[in-house]
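Tertiary structure, described
If you want the building blocks of each chain, they are given just below.
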Amino acid sequence: MKQHFLLSVMTLVAVLTSSHTFAHEKSVPSAKPALEKTSKQGKPWLRVTQKHNGSGVQLRYRILSEPRVGQAVRVQIELASGGEALASLRVDKSLNLNAGAAWQKSSTGLDMPLTKPGKTYQTVVVTPDSDGLHFIYLTTTQDSKTSVASIAIRVGDAPIAAPTIGEKVTTPSGEKIISMPAK
């Protein structure tokens, strides 16, 4: 009797664990990055995460062309606001920017007023001067609240390494350290 019960429990466990769909899987949200596929141009939209105390302007973007040194890279930006807002754009020094007529020159970069609620689409064109990781910075302001987001443009396949400050030194015990100047 005890063996029969044990065999029944083992069979039940085997059946439950072999099933690929568990009841709780349907209610668990996906842990994938904020990547959305679109069928129009085949390039994925990337959604920038919002902070609870930010401007409230939602930002999505997608890179429409392969980033290469000296070649124009098209980046489509979607801004969704709940009312009047302001978007400001600036780029790294290693990117040449052509933002289009909707953007107006200001002291901090280029500005575009969002005059009505809803979605606004803009395509900006940047041309990288070198391989590496370059950024487009987008600041949005709505109802006296500001958010800043960066759009990364990676050019080339070289590994990205943070610049080191200081001198690499090996101690007498063989430990490798970076000696940094004190101020």
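The structure we're discussing is the one just above.
A brief look at the structure comes next.

Right, let's get into the overall build of the chain. When its secondary structure is counted, the chain shows one helix and 13 strands. Ordering the α and β elements of the chain from the N terminus gives α-β-β-β-β-β-β-β-β-β-β-β-β-β. Of all 183 residues assigned to the chain, the portion counted as buried reaches 26%. Considering only residue pairs separated by 6 or more positions, the chain has 54% of its internal contacts joining residues 24 or more positions apart. For the chain, the exposed area adds up to about 13,200 Å²; of that, 56% sits on carbon and sulfur atoms.

A few words on the nonpolar core. Nonpolar side chains in soluble globular proteins generally cluster together in the buried interior. V75, I77, L79, L89, W103, V124 and I136 are the most contacted members of the largest nonpolar core, which has 24 residues in total. Those elements that provide at least two residues to this core are strand 3 (58-63), strand 4 (73-81), strand 5 (85-91), strand 8 (110-114), strand 9 (118-128), strand 10 (132-142) and strand 11 (145-155).

The antiparallel open sheet is built from five strands, whose spatial order is 7-8-5-10-11. What marks the edges here is a single partner per strand, and that holds for strand 7 (104-105) and strand 11. Relative to strand 11, strand 10 runs antiparallel, the two being bridged by eleven bridges. Bridge pairing links T139 to V148 in strand 11.

With five bridges joining them, strand 5 and strand 8 adopt antiparallel strand pairing. Its bridge partner being in strand 8, A87 is matched across the sheet by M112.

On to the environment of T120, then. Here T120 is to be found in strand 9. With a relative accessible area of 23%, T120 lands in the partly exposed category. Distance in space between the C-alpha atoms of T120 and L79 is 5.2 Å, their sequence separation being 41 residues. When neighbours within four sequence positions are excluded, T120 is seen to be in contact with I77, E78, L79, M112 and L114.

Residues I165, I178 and M180 make up a contiguous nonpolar surface patch of about 310 Å² in total accessible area. With respect to the element layout, M180 can be found in the segment after strand 13 (176-179). A relative accessible area of 55% means that M180 is categorised as exposed.

Rules behind the numbers
- Residues numbered from 1 in each chain as written.
- Predicted model: local features only at pLDDT ≥ 70, side-chain atom pairs only at ≥ 80, totals over all residues.
- Heavy atoms only, no water.
- Helix = DSSP H or I, 4+ residues; strand = E, 2+ residues; numbered from the N terminus.
- Buried < 20%, exposed > 50% of the residue type's maximum accessible area, 1.4 Å probe, protein only.
- Contact = heavy atoms within 4.5 Å.
- Areas by Shrake-Rupley, 256 points an atom, 1.4 Å probe, with all protein chains shown as cover.
- Core = buried A, V, L, I, M, F, W, Y, C linked by side-chain atoms within 4.5 Å.
- Pairing = 2+ DSSP bridges.
- Patch = residues over 30% accessible without salt bridge, like charges linked within 9 Å, V, L, I, M, F, W, Y side chains within 5 Å.
- Salt bridge = Lys/Arg side-chain N within 4 Å of Asp/Glu carboxyl O.

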